[in-house]
Amino acid sequence: MTTMTETSARFREFKMPDVGEGLTEAEILKWFVQPGDTVTDGQVVCEVETAKAAVELPIPFDGVVHELRFPEGTTVDVGQVIIAIDVAPGSGDAPAPAAAPAQEPVEEPEAEADPKGRTPVLVGYGVAESSTKRRPRKGASAAPEAAAVAAAVQAELNGHTVPAAPVAPAPVADAPAGGRPLAKPPVRKLAKDLGIDLATVVPTGKDGVITREDVHAAAAPAATAPVAAPAPSQAAPSQAAPEAPAPAVTSGSARETRIPVKGVRKAIAQAMVGSAFTAPHVTEFVTVDVTRTMKLVAELKEDKEMAGVRVNPLLIIAKALLVAIKRNPEVNAAWDEANQEIVQKHYVNLGIAAATPRGLIVPNIKDAHDKTLPQLAAALGELVTTARDGKTSPAAMAGGTVTITNVGVFGVDTGTPILNPGESAILAVGAIKPQPWVHKGKVKPRQVTTLALSFDHRLVDGELGSKVLADVAAILEQPKRLITWA
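Before going into details, it helps to say that this report is about the structure given with it. This one's a predicted model, so the numbers in the text were calculated from it and none came from an experiment.

Quick notes on the rules
- Residues numbered from 1 in each chain as written.
- Predicted model: local features only at pLDDT ≥ 70, side-chain atom pairs only at ≥ 80, totals over all residues.
- Heavy atoms only, no water.
- Pairing = 2+ DSSP bridges.
- Helix = DSSP H or I, 4+ residues; strand = E, 2+ residues; numbered from the N terminus.
- Axes fitted to C-alpha atoms, helices over the stretch in contact; angles between N-to-C directions.
- Buried < 20%, exposed > 50% of the residue type's maximum accessible area, 1.4 Å probe, protein only.
- Contact = heavy atoms within 4.5 Å.
- Polar contact = N/O pair within 3.5 Å; in protein donor to acceptor, adjacent residues only side chain to side chain.
- Phe/Tyr/Trp six-rings, centres within 6.5 Å; stacked < 30°, edge-to-face > 60°.
- Lys NZ or Arg CZ within 6 Å of the ring centre and 35° of its normal.
- Parallel < 35°, antiparallel > 145°, perpendicular 65-115°, else oblique.
- Left-handed = near helix turned anticlockwise from the far one by under 90°.
- Core = buried A, V, L, I, M, F, W, Y, C linked by side-chain atoms within 4.5 Å.
- Expected span 1.5 Å × (residues − 1).
- Patch = residues over 30% accessible without salt bridge, like charges linked within 9 Å, V, L, I, M, F, W, Y side chains within 5 Å.
- Areas by Shrake-Rupley, 256 points an atom, 1.4 Å probe, with all protein chains shown as cover.
- Salt bridge = Lys/Arg side-chain N within 4 Å of Asp/Glu carboxyl O.
- Lys, Arg positive; Asp, Glu negative; His and termini not counted.
- Charge placed at Lys NZ, Arg CZ, Asp CG, Glu CD.

**Some words on the pairing of strand E16 (residues 341-344)**
Then step 1. In terms of strand pairing, strand E15 (residues 333-336) meets E16 through four bridges, oriented antiparallel. Looking across to E16, one finds that alanine 333 is bridged to glutamine 344.
Then step 2. Hairpin remark: E15 followed by E16, antiparallel, with four residues in the connecting loop; positive phi at glutamine 340, about 55 degrees.

Have a look at this one:
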């Protein structure tokens, strides 16, 4: 199976590609085209959000949009057709767009990291051809009454009104003999993440297949029904047409809101839990007088060599960390659990934690150790702008070695940062504030901040971690060390 298929000599379909590192699904955030619009090869037709970033998808051929298979806000599995293109619009009247074919659940083998066997497209890869065979289903031609029963039961479980006539829940007729509920792997994972037993979910999909909506309905509390709902005997028939997936479920009393965990937020949760319970964290703190650093920042803003780039304390802190790593290269490493090895990195991909509307992301500056101060300033500015615009690519977030998180922008003194998975250290920078400080034997107001360095104690001993943090603090106290220690 490839990402593009030719349904006829006239129509071609474009499937959701794997836009990075074996991802299995993506949410359609926005369509930039509508049926009837003319598109050209390479034109961006939609924006999707994966577990790592928002990505724009270009269409790989010319034509006229015939059909959009999914509305905005829908999570689509990799390999599903998302748009159909009429590549020969002058060949006569086009048939009316067909409904999207129902996707039958397939027990697929786990995807390999190597994209071998997949077809490269303009963004990412198509999915590999699956050799899994479907077995015939029993009871595939269930009576319409069974569907009505399932719909009524699902409506009741979802907290909505139900038909006046009481309907007793009945076992799904087309369930497998072993009693294992029918659901696609992503739906099974969703149920596991939400703590839902699929055996308790009433399916509404074709042939008794459990859908995402069924799982979300089972997870939603009964309180989602209106408080003043009529009695069952006076209830109106439930609506058969499902609504588009909502971003949040709010209870009738408006005392709580349930937000589906997906996309970047889901990736953050998995990464932080994996890091916190895999790498033994140690955090050390130091409070430092950065008055001279602030004076250097003011001077650099007036320097012609720094014209056109943003100069701020984070730039000097980033350079200080890079110098500290150069003086203590053992800290720039990773733990390889599978091979029981410590992997020393002879390059620094400096991660910068960035808060975005979609959540926290950590893009990194590739080979930051080789950059001059103006180059580092330009890279920092581009990284922050791209992150705020939601355009950070998965590649920009891969391969980081150490990270800086600037919690000081929120007025916070410091924190105990959690390591980015696969990295050995993360430096938290607190707010820079005027404080009383002993300077040259007298108490004077000075610009002071607190630094916190968390490191993986499997490969970074306390001595090494302390040296790195002390070096960063020493540079910020005396910025001339950027020259003498470089």
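**Comments concerning the sheet that holds strand E8 (residues 75-77)**
Then step 1. Taken in spatial order, the four strands make up an open sheet running E6-E5-E3-E8, and their pairing is antiparallel. The open sheet has two edge strands with one neighbour each: strand E6 (54-58) and E8. Across the sheet, the mean angle separating the axes of adjacent strands is 40 degrees when strand polarity is ignored.
Then step 2. Where strand E3 (residues 25-31) meets E8, three bridges bridge the pair, whose relative direction is antiparallel. Opposite alanine 26, over in E8, you have valine 76 as the bridge partner.

**Things to note about helix H5 (residues 291-301)**
Then step 1. Within the span of H5, buried status applies to Thr291, Thr293, Val297 and Leu300.
Then step 2. Turning to H5, the residues buried within the fold contact strand E14 (281-289), helix H6 (313-327), helix H7 (373-388), strand E24 (442-456) and helix H8 (462-477).

**Observations concerning the side chain of threonine 392**
Then step 1. With respect to the helices and strands, threonine 392 occurs in the loop between H7 and strand E21 (402-406).
Then step 2. According to the relative accessible area criterion, threonine 392 is buried, its value standing at 5%.
Then step 3. Polar contacts involving the side chain of threonine 392 include one to the main-chain amide nitrogen of alanine 387, which spans 3.5 Å.
Then step 4. Apart from the residues within four sequence positions on either side, threonine 392 is in contact with Ala53, Ala54, Ile361, Pro363, Thr386, Ala387 and Met397.

**Overview of the packing of aromatic side chains**
Then step 1. Counting across every chain of the model gives zero aromatic pairs.
Then step 2. Over the ring of tryptophan 485 we find arginine 327, and its NZ or CZ is 3.8 Å from the ring centre.

**Let's talk about the packing of H6 against H7**
Then step 1. Viewed as axis vectors pointing N to C, H6 and H7 meet at an angle of 120 degrees, and their least axial separation amounts to 10 Å. When the interaxial angle is binned, H6 and H7 end up oblique. Judged by the sense of rotation from one axis to the other, the crossing of H6 with H7 is right-handed. Between H6, through Leu314, Leu315, Ala318, Lys319 and Leu322, and H7, the contact on the second element is made entirely by Leu373, Leu376, Ala377 and Leu380.

**What about the nonpolar core?**
What tends to happen in soluble globular proteins is that the nonpolar side chains get buried as a cluster.
Then step 1. Counting residues in hydrophobic clusters, the biggest one holds 48 residues, and the most contacted among them are Leu321, Leu350, Ile404, Leu427 and Leu451.
Then step 2. Those elements that place two or more of their residues in this core are H5, H6, strand E17 (350-352), H7, E21, strand E22 (425-429), E24 and H8.
Then step 3. Filtering out sequence-adjacent residues up to four positions away, leucine 427 remains in contact with Ile317, Leu321, Thr403, Ile404, Thr405, Leu451, Ala452, Leu453, Leu469 and Val472.
Then step 4. If you look at the next biggest cluster of nonpolar residues, it comprises 22 residues, including Met16, Cys46, Val55 and Phe61.

**What about H6?**
Then step 1. Here H6 spans 21 Å end to end across 15 residues, near enough to the 21 Å set by a 1.5 Å rise per residue.
Then step 2. Counting buried positions over the 15 residues of H6 gives 12, a clear majority of the element.
Then step 3. Those residues of H6 lying buried are Leu314, Leu315, Ile316, Ile317, Ala318, Lys319, Ala320, Leu321, Leu322, Val323, Ala324 and Ile325.

**With respect to a positive patch on the surface**
Then step 1. There is a patch of like positive charges on the surface, built from Lys295, Lys440, Lys442 and Lys444.
Then step 2. A relative accessible area of 35% means that lysine 444 is categorised as partly exposed.

**As for the pairing of E21**
Then step 1. Most of E21 sits out of view: four of its five residues are buried.
Then step 2. Of the pairings in the sheet, the one linking E17 to E21 comprises three bridges and is parallel in character. Bridged to glycine 351 within E21 is threonine 403.
Then step 3. When E21 meets E22, the two strands line up parallel, connected through five bridges. Pairing of asparagine 406 across the sheet is with valine 429, part of E22.

From the geometry alone we can't say anything about function, so treat these as descriptive.
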